[in-house]
Amino acid sequence: MSNSNVTVCVRFRPLSHKERKGNDDKVCFKKLDSESFVFKDERDEDVIFSFDKVFYDDSEQSDVYNFLAMPIVTDAVNGINGTIITYGQTGAGKTYSMEGPSILHCNELKTGLVQRVVNGLFECLRTSANITTWTVKLSMVEIYLEKVRDLLDLSKDNLQIKESKSQGIFISGATEISIMNGSDALERLSEGIANRAVGETQMNLASSRSHCLYIFSVQHGSTTDERVRAGKIILVDLAGSEKVEKTGAEGRVLDEAKMINKSLSALGNVINALTTAKPNHVPYRDSKLTRILQDSLGGSSRAALLCCCSPSSSNSPESLSTIRFGTRTKLIKILHKLIPTEVDSAKKHTPYCGDQDDLPDGTLSKAGSSQSEASDPSLDSGDHDGLRERLLSKLRLSLKEEEVDLLEELFVQEGIIFDPNTMVLDIDSACHDAASRQIISLVQAVEELTETVQELTDENETLKHQLEVVQEIAARAQCAATDRSGGLLFGFVPAAVLRLIGFMPD
């Protein structure tokens, strides 16, 4: 295990034709070196920002991959999960950095992170002397209007996010397809990208209207021990933050923008909580995005953030906000943890087993021997599984499917039933969630008490004011009674007021 900060880099794209035409090539920063630059803040004062790496407008796609992604690919093969996130204003170059101009048809210089990660992953597996067999699987989902949609199977448009001891945070029911090589992966990725929600705004003709996640899971057997190592790489192409006055969003596009900004705001709140000296509660559950990224930001994964910025002075407020987000994220400490999966040597993991002529070099066992299909370890718990199924079946008779799924997740976390995908009860997660729920309920109770106190204070002030008015009228009435006759008194003071102070005139 080892600790480190999140790797944070900034990338300035070249000026667009529209920006050059409107601002005469004016840029909002001054280059210092490969790690630092000067940027003017709101008060027009020069501020120096430093990051792990700064990619200026003359940088190549390969520069970003070699510095930011290659170490994460290597670690994933060695059993350490990794996440790469692109963040920034809409039209700042996030999707270009991630996919290039096209996932399939672009020259090598413009190839994005996704293609390079795929190629790097297979290269590491093929060239490692200790790796005998492997499998690589791909999932692809998007978060659109706060629903998790499967981009490889559009019929799955509301996937649930779950948590287990062995898998951590995962998307239940997401399609997983085995990929044999780089070209096979890109074909599948192209299919998923074609299903992604995009729309036109005044700042971007093909603006991403959702957060997109590319998930690569790798498992491999080794000659050095009897374990199967599993690693995961998640590439996250965030939708860009938007200002309506600049994008001209309206109708459904406006609704999309609101949800995008809301989830990005939730991400910012999580970052703020993680970088607070003694955080009491980290609001991972405030959005689907932060829940999925819980392990990446606060767990045991290696994480990297690429802050994409427009260099134009017309976008300097948005670029400054992105840069400050990166500065804050840099403070997060993450524990890198290797999680090997133990298996019986007789059931050691094997890859796709088909006709060898159809497979690429290095996909089958390097030893060329026949091995049995992998099977993950599981509890010998037929009774538990039967009880689990009977319980869930009865719940389905009176509840909706999504409600049963939520209850199932809660039962697993609390240790009431077993998750068939886990070896042990998820006690740590249950304790953490129980503590989080308790904190949330206490916060809500305090807020309710505060509101009640305020209401009582306001009511008390009103009563005090009414009492002062009545006392003043009573005093005036008493003075009038001293100087005048009783008839004049009752003629001077309204009958309704006299009743309030105890007088009952005929």
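What follows is about the overall build of the chain. Within the chain one finds 15 helices and 19 strands. Relative to its full complement of 506 residues, the chain shows a buried share of 42%. Sequence-distant contacts, at least 24 apart, represent 68% of the contacts inside the chain between residues at least 6 apart.

On the surface, a cluster of negative charge is made up of Glu448, Glu451, Glu455, Asp458, Glu459, Glu461 and Glu468. Here Glu455 lies in helix H13 (residues 427–483).

Let us now look at unusual backbone geometry. The phi dihedral of Asp44 falls on the positive side, at around 65°, and the residue is not glycine. The topology assignment puts Asp44 in the loop between strand E4 (36–40) and strand E5 (46–50). In this structure Asp44 comes out as exposed when scored by relative accessible area, which is 53%. Unlike most non-glycine residues, Leu145 shows phi in positive territory, near 50°.

The next point concerns the pairing of E4. Among the 5 residues that make up E4, 4 are buried, leaving the element largely enclosed by the rest of the structure. Relative to E4, strand E3 (residues 29–31) runs antiparallel, the two being bridged by 3 bridges. Residue Phe29 lies in a different strand from E4, and its bridge partner there is Phe39. The antiparallel pairing of E3 with E4 creates a hairpin that spans 4 residues between the two strands. Of the strand pairs in this sheet, E4 and E5 are connected by 5 bridges, and their pairing is antiparallel. Paired with Ser36 across the two strands is Ser50, which belongs to E5. Two successive antiparallel strands, E4 and E5, enclose a turn made up of 5 residues, where Asp44 displays a positive phi of approximately 65°.

Here we take up the nonpolar core. The biggest cluster of nonpolar side chains holds 48 residues, and the ones touching the most others in it are Phe12 and Phe37. Per-element accounting of this core gives the leading share, 6 residues, to helix H7 (residues 252–274). Core analysis: the second largest hydrophobic core is formed by 42 residues, Ala76, Val118, Phe216 and Ala304 among them.

Now for the packing of helix H4 (residues 113–127) against helix H5 (residues 182–194). The relative placement of two packed helices is expressed as an angle between their axes plus a distance between the axes. Running from N to C, H4 and H5 point in directions that differ by 150°, and their axes come no closer than 9 Å. For H4 against H5, the interelement crossing comes out right-handed. Of the residues in H5, those touching H4 at Val114, Gln115, Val118, Asn119 and Phe122 are Gly182, Ala185, Leu186 and Leu189. A class-by-class count of the residues in the contact of H4 with H5 yields 6 nonpolar, 3 polar and no charged.

We now examine the packing of helix H2 (residues 61–77) against H4. Interhelical geometry of H2 versus H4 gives an angle of 45° and a closest axis separation of 9 Å. If you check the angle between H2 and H4, you find them oblique. Note that H2 runs across H4; the crossing there is right-handed. Across from Gln61, Ser62, Val64, Tyr65, Ala69, Val73, Thr74 and Val77 in H2, the residues of H4 making contact are Leu113, Arg116, Val117, Gly120, Leu121, Cys124 and Leu125. By residue class, the composition of the contact of H2 with H4 is 10 nonpolar, 4 polar and 1 charged.

What links the strands of a sheet is backbone hydrogen bonding, and the strands pair in either a parallel or an antiparallel sense. The antiparallel open sheet is built from 3 strands, whose spatial order is E3-E4-E5. In this open sheet, the two edge strands, each paired with only one partner strand, are E3 and E5. Within this sheet the neighbouring strands show an average axis-to-axis angle of 30°, counted without direction. Where helix H10 (residues 316–329) meets the sheet, it contacts E4 and E5, and its direction lies at approximately 135° from that of E4.

Next up on the list: the environment of Ser217. Tracing the backbone shows Ser217 in strand E15 (residues 211–222). Classification of Ser217 as buried rests on a relative accessible area of 17%. In the structure, Ser217 is positioned 136 residues away from Asn81 in sequence and 9.1 Å away in space, judged by C-alpha atoms. Residue contacts for Ser217: discarding those within four places in its chain leaves Thr135, Val136, Lys137, Glu176, Gly231 and Lys232.

Another aspect to go through is the environment of Leu15. One can find Leu15 in the loop between strand E2 (7–12) and helix H1 (17–23). In this structure, the C-alpha to C-alpha distance between Leu15 and Asp25, residues 10 residues apart in sequence, is 7.3 Å. Leu15 has contacts with Arg20, Asp25, Lys26, Val27, Pro311 and Ser312, leaving out every residue within four places of it along the chain.

So, about the side chain of Arg13. You can see Arg13 is positioned in the loop between E2 and H1. Exposure remark for Arg13: the relative accessible area of 17% places this residue in the buried category. There is a polar contact of 2.7 Å between the side chain of Arg13 and the side chain of Glu19. Excluding residues within four positions of it along the chain, Arg13 makes contact with Glu19, Asp57, Gly91, Ala92, Gly93, Cys309, Ser310, Pro311 and Asn315.

Let us now look at the packing of aromatic side chains. Each aromatic ring pair is summarised here by two numbers: the centre-to-centre distance and the angle between the ring planes. Taken as a whole, this structure holds 9 aromatic pairs when the rule is applied. Judged by centre distance (6.4 Å) and plane angle (10°), the ring pair of Phe12 and Tyr56 falls under stacked. Taken together, the positions of Phe12 in strand E2 and Tyr56 in the loop between strand E6 (53–55) and H2 put the pair 44 residues apart, joining distant regions of the chain. Tyr56 carries the same exposure label as Phe12, and that label is buried. Ring centres 3.9 Å apart and planes at 10° place the aromatic pair Tyr87 and Phe325 in the stacked group. Within this pair, whereas Tyr87 is found in strand E7 (residues 82–88), its partner Phe325 is found in helix H10, the two being separated by 238 residues in sequence. Linked through ring pairs, Phe12, Phe29, Phe37, Phe49, Phe51 and Tyr56 together constitute an aromatic cluster.

Definitions and cut-offs
Residues numbered from 1 in each chain as written. Predicted model: local features only at pLDDT ≥ 70, side-chain atom pairs only at ≥ 80, totals over all residues. Heavy atoms only, no water. Helix = DSSP H or I, 4+ residues; strand = E, 2+ residues; numbered from the N terminus. Buried < 20%, exposed > 50% of the residue type's maximum accessible area, 1.4 Å probe, protein only. Contact = heavy atoms within 4.5 Å. Patch = residues over 30% accessible without salt bridge, like charges linked within 9 Å, V, L, I, M, F, W, Y side chains within 5 Å. Areas by Shrake-Rupley, 256 points an atom, 1.4 Å probe, with all protein chains shown as cover. Salt bridge = Lys/Arg side-chain N within 4 Å of Asp/Glu carboxyl O. Lys, Arg positive; Asp, Glu negative; His and termini not counted. Charge placed at Lys NZ, Arg CZ, Asp CG, Glu CD. Pairing = 2+ DSSP bridges. Core = buried A, V, L, I, M, F, W, Y, C linked by side-chain atoms within 4.5 Å. Axes fitted to C-alpha atoms, helices over the stretch in contact; angles between N-to-C directions. Left-handed = near helix turned anticlockwise from the far one by under 90°. Nonpolar A, V, L, I, M, F, W, Y, C, P; charged D, E, K, R; others polar. Parallel < 35°, antiparallel > 145°, perpendicular 65-115°, else oblique. Polar contact = N/O pair within 3.5 Å; in protein donor to acceptor, adjacent residues only side chain to side chain. Phe/Tyr/Trp six-rings, centres within 6.5 Å; stacked < 30°, edge-to-face > 60°.

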